[in-house]
Amino acid sequence: DAKTTQPNSMESNEEEPVHLPCNHSTISGTDYIHWYRQLPSQGPEYVIHGLTSNVNNRMASLAIAEDRKSSTLILHRATLRDAAVYYCILRDALSGNTPLVFGKGTRLSVIA
Amino acid sequence: GAVVSQHPSWVICKSGTSVKIECRSLDFQATTMFWYRQFPKQSLMLMATSNEGSKATYEQGVEKDKFLINHASLTLSTLTVTSAHPEDSSFYICSARWGMMTTNEKLFFGSGTQLSVL
């Protein structure tokens, strides 16, 4: 899977929007952009994924740059429960039944 | 939604003993499950890929005789840490893939098992 680059940590105030960036300059045309997050002492959980168009779900929004070399996970209104490590991962559509490979992710702190 | 159940959540054992961790996909069948290990403040490291009805595939540096993986059914994979030592103390996490196409696939993760070897 192609490599991604994320800031090590970010901080947000509660009830404010959070924009988590991810750079993936070597993304290929068949790579999907996946986001997972890991709450403290828990296994990771799926957040959202997309290919080219922006995506929205109940948890977050995913904004994908036109050249697809970067993307941004948007939490519209951060809560204390959103404090977690967020992982941006590229998945090749042709990858078949392969595991996720995790980078270091971004540790999000939410301040009350 | 799909759920992966992992048991136990935590275990403390004496050095030299073996510990078994179970991972179950509760409402879907998983021909393949993945096992990860995570040390404090670090990211998840893939240990092995567990295939139903066949041998597991281990990542480089992971001892297959020490970390025994069995995937006897489409909903259950087990990881046994044999002759555990303090350096095996870690957070172990399993994962199962849901969805047949990359367009709709998601990987669901167990809640993890914190192993402490005394």
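Computed from a predicted structure; not experimentally measured.

### Brief notes about the state of the cysteines
Now for step 1: Using the criterion set out here, one finds two disulfides over all chains in the structure.
Now for step 2: The disulfide that involves A:Cys22 links it to A:Cys88, with 2.1 Å between the sulfurs. For the disulfide bridge between A:Cys22 and A:Cys88, the dihedral angle about the S-S bond is near -85 degrees, and by the sign convention the bridge is left-handed. Highlighted residues: A:Cys22 in strand 2 (residues 18–23) and A:Cys88 in strand 8 (residues 84–92), separated in sequence by 66 residues.
Now for step 3: In this model, B:Cys23 is linked to B:Cys94 through a disulfide, with the two sulfur atoms separated by 2.0 Å. Disulfide B:Cys23-B:Cys94: torsion about the S-S bond near 80 degrees, hence right-handed. Of this pair, B:Cys23 sits in strand 3 (residues 19–25) while B:Cys94 sits in strand 9 (residues 90–98), and the two are 71 residues apart along the sequence.
Now for step 4: Here B:Cys94 falls in the buried class, since its relative accessible area comes to 0%.
Now for step 5: Of the cysteine sulfurs around B:Cys13, a residue in no disulfide, the closest is that of B:Cys94, at 18 Å.
Now for step 6: The buried category is assigned to B:Cys13, whose relative accessible area is 9%.

### Let's talk about the packing of aromatic side chains
Now for step 1: Throughout the structure, instances matching the rule amount to eight aromatic pairs over all chains.
Now for step 2: Ring plane angle 80 degrees and centroid distance 5.9 Å describe the contact between A:Tyr36 and B:Phe109, whose orientation is recorded as edge-to-face. Taken together, the residues span two chains, with A:Tyr36 in strand 3 (residues 31–38) and B:Phe109 in strand 10 (residues 106–109).
Now for step 3: Accessibility expressed as a relative area gives 9% for B:Phe109, which makes it buried.

### Quick word on the pattern of salt bridges
Residues and elements named next belong to chain A.
Now for step 1: Considering all chains together, one arrives at five salt bridges over all chains under this definition.
Now for step 2: A salt bridge links Arg 77 to Glu 15; its shortest N-O distance comes to 3.6 Å. Note that Arg 77 is positioned in the loop between strand 7 (70–75) and strand 8 and Glu 15 in the loop between strand 1 (9–13) and strand 2, a separation of 62 residues in sequence. Note on accessibility: Arg 77 and Glu 15 belong to one class, exposed.
Now for step 3: Overlapping salt bridges bring together Arg 37, Glu 45 and Asp 82 as one network.

### Some remarks on the interface of chain B and chain A
Accessible area lost when the parts come together is the quantity often used to give the size of an interface.
Now for step 1: Contact with chain B, which involves 22 residues of that partner, is made by 23 residues of chain A.
Now for step 2: Roughly 1800 Å² of surface becomes buried between chain B and chain A when both sides are summed, with 53% attributable to carbon and sulfur atoms.
Now for step 3: For the pair chain B and chain A, the interface holds four residue pairs in polar contact (both at pLDDT 80 or more).
Now for step 4: Counting residues per element, the side of chain B that touches chain A draws most heavily on strand 4 (residues 32–38) of chain B, at four residues.

Definitions and limits used
- Residues numbered from 1 in each chain as written.
- Chains lettered and ligands numbered in written order.
- Predicted model: local features only at pLDDT ≥ 70, side-chain atom pairs only at ≥ 80, totals over all residues.
- Heavy atoms only, no water.
- Disulfide = S-S within 2.5 Å.
- Helix = DSSP H or I, 4+ residues; strand = E, 2+ residues; numbered from the N terminus.
- Buried < 20%, exposed > 50% of the residue type's maximum accessible area, 1.4 Å probe, protein only.
- Phe/Tyr/Trp six-rings, centres within 6.5 Å; stacked < 30°, edge-to-face > 60°.
- Salt bridge = Lys/Arg side-chain N within 4 Å of Asp/Glu carboxyl O.
- Contact = heavy atoms within 4.5 Å.
- Buried area = accessible area lost by both parts, 1.4 Å probe.
- Polar contact = N/O pair within 3.5 Å; in protein donor to acceptor, adjacent residues only side chain to side chain.

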